[in-house]
Amino acid sequence: MADTALVLGGGGLTAYAWQIGVLAALAEAGIDLGDADVLAGTSAGALLALDLAEGSPSSALYAEQINRERAMLDVDFTFAMTVRYLWAALGSRDPKTVIKRIGRLALTVRDVPETEVFEAIGPQLRVSTWPQRPVRLFAVDALTGEPTAFTADSGVDLLHAMSATCALPPLFPPITIGTGRWMDGGVRSTTNADLVDDCARVVVLAPIPKGAGASPSAATQVQTLVSNGARAALLTPDRQARRAFGRNPLDAGRIPAAAREGLRQGTAQADRIRTTWQG
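Quick caveat: nothing in here was measured; it's all calculated off a predicted structure.

### Remarks on helix α5 (residues 95-107)
Stage number 1. Taking 1.5 Å per residue as the helical rise, α5 with its 13 residues ought to reach 18 Å, and the 18 Å between its terminal C-alpha atoms agrees with that figure.
Stage number 2. All of the buried residues in α5 are Val-98, Ile-99, Arg-101, Ile-102, Gly-103, Leu-105 and Ala-106.
Stage number 3. Looking at the buried positions of α5, the neighbouring elements they touch are α4 (79-89), β3 (135-141) and β6 (180-184).

Here it is as structure tokens:
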């Protein structure tokens, strides 16, 4: 069993910014979650996990967000796309059925080639190969509904793995890896925290505490970890932070405010997180 894991949730540009604000505040308080034995992420959280794994200090990543020094992914998830996604996500009370419905939606995206996903995600990566530190990038097979954690040992190049965890339908098509067609892990869970059940101490940052419809909440998954013997803590945005996010998680103009709110919450929650992380 690994000792510590940091789980970073999805949710777009504001999710990345808020989480790095939290991590910067905790590092300032002497709690460097970036030193976790396992760095795990979904979608935007996967990008942050990779940034931490390749050695970027949280303070530098925070400064990038505040000063808008890093060009983040610029896409337009339209109202029509939102309607199609919600139609699939809200069509059943059974989580497995929901994932299958979203998988079918993903497979209908034929007017966007997979190469376009690579072209969008590639510039976001600071490295082209897997880092030496353990990283898990969560994705779901659109054909079967089964989740996976892509790692350096999966035999998958980093660009394909990162593109898969960011392939949110119907914006992007699923990514072909082996016999699977892989889509954003956030269609199953905003954090996929239950997939680090081999770790003894876990901190989960969930910018979106729960996805639409029947998907399990981050709180439920964290409770499952605790029930199985792990020591785990969950941090989610409070009302003030959610106001700073706005309604569009891909609004780059909201990045500095989201990062500052993360810094505020990380400072306020440092003692609680320290108890989980350091004992």
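### So, helix α7 (residues 158-165)
Stage number 1. Among the 8 residues of α7, 6 are classified as buried, and the element is accordingly described as predominantly covered.
Stage number 2. One side-chain oxygen of the residue at the start of α7 lies 3.2 Å from the amide nitrogen of Leu-159, identifying that residue as Asp-157.

### Some thoughts on the pattern of salt bridges
Stage number 1. In the structure shown here, the tally under the stated rule is 12 salt bridges.
Stage number 2. Between Arg-126 and Asp-51 there is a salt bridge; the shortest N-O distance is 3.1 Å. A residue pair is termed long-range when its members are at least 10 positions apart, and Arg-126 in the loop between α6 (114-121) and β3 and Asp-51 in helix α2 (residues 44-53) qualify at 75 residues.
Stage number 3. A relative accessible area of 34% places Arg-126 in the partly exposed class.
Stage number 4. The shortest N-O distance in the salt bridge between Glu-114 and Arg-181 comes to 3.7 Å. With Glu-114 in helix α6 and Arg-181 in strand β6, this pair connects stretches of sequence that are 67 residues apart.

### With respect to the UniProt feature "domain: PNPLA" (unreviewed entry) in the chain
Stage number 1. In the numbering used here, UniProt assigns the feature "domain: PNPLA" (unreviewed entry) to residues 7-197.
Stage number 2. For the annotated span residues 7-197, helix accounts for 39% and strand for 13% of the residues, and the straight-line distance between the end C-alpha atoms is 11 Å.

### Quick notes on the side chain of Glu-261
Stage number 1. Looking at the element boundaries, Glu-261 is found in helix α10 (residues 255-268).
Stage number 2. For Glu-261, a relative accessible area of 13% translates into the label buried.
Stage number 3. A polar contact is formed between the side chain of Glu-261 and the side chain of Arg-264, at a distance of 2.6 Å.
Stage number 4. Non-local contacts of Glu-261, meaning those with residues more than four positions away in its chain, are made with Trp-18, Gln-240, Ala-241 and Ala-244.

### A look at the pairing of β6
Stage number 1. Burial analysis of β6 places 4 of its 5 residues in the buried class, which makes it a mostly covered element.
Stage number 2. Here β3 runs beside β6; their pairing, made up of 3 bridges, is antiparallel. Looking at β6, one finds that Val-140 is bridged to Met-183.
Stage number 3. Two elements, strand β5 (residues 175-177) and β6, share 3 bridges in a ladder whose sense is antiparallel. For Thr-176, the partnering residue across the bridge sits in β6 and is Arg-181.

### Focus on the packing of helix α3 (residues 58-66) against α10
Stage number 1. Packing of α3 against α10 leaves a shortest axis separation of 8 Å and a crossing angle of 140°. Contacts from Tyr-62, Gln-65 and Ile-66 of α3 reach α10 at Ile-255, Pro-256, Ala-259, Arg-260 and Leu-263.
Stage number 2. Tallied by class, residues from the contact of α3 with α10 come to 6 nonpolar, 1 polar and 1 charged.

### Examining the pairing of strand β7 (residues 199-205)
Stage number 1. Within β7, 6 of the 7 residues are buried, which leaves the element mostly enclosed by the surrounding structure.
Stage number 2. In this structure, strand β1 (residues 2-8) lies alongside β7, joined through 6 bridges in parallel fashion. The residue of β7 that forms the bridge with Thr-4 is Arg-201.
Stage number 3. As judged from the 5 bridges shared by β7 and strand β8 (residues 231-235), these two strands associate in the parallel manner. Among the inter-strand pairings, Leu-205 is bridged to a residue of β8, identified as Leu-235.
Stage number 4. Crossover connection from β7 via helix α8 (residues 218-227) to parallel β8: handedness right-handed.

Rules used in this analysis
Residues numbered from 1 in each chain as written. Predicted model: local features only at pLDDT ≥ 70, side-chain atom pairs only at ≥ 80, totals over all residues. Heavy atoms only, no water. Helix = DSSP H or I, 4+ residues; strand = E, 2+ residues; numbered from the N terminus. Expected span 1.5 Å × (residues − 1). Buried < 20%, exposed > 50% of the residue type's maximum accessible area, 1.4 Å probe, protein only. Contact = heavy atoms within 4.5 Å. Polar contact = N/O pair within 3.5 Å; in protein donor to acceptor, adjacent residues only side chain to side chain. Salt bridge = Lys/Arg side-chain N within 4 Å of Asp/Glu carboxyl O. UniProt positions renumbered as here; feature names shortened; annotations may be inferred. Pairing = 2+ DSSP bridges. Axes fitted to C-alpha atoms, helices over the stretch in contact; angles between N-to-C directions. Nonpolar A, V, L, I, M, F, W, Y, C, P; charged D, E, K, R; others polar. Right-handed = clockwise from strand over helix to strand, strands pointing away.

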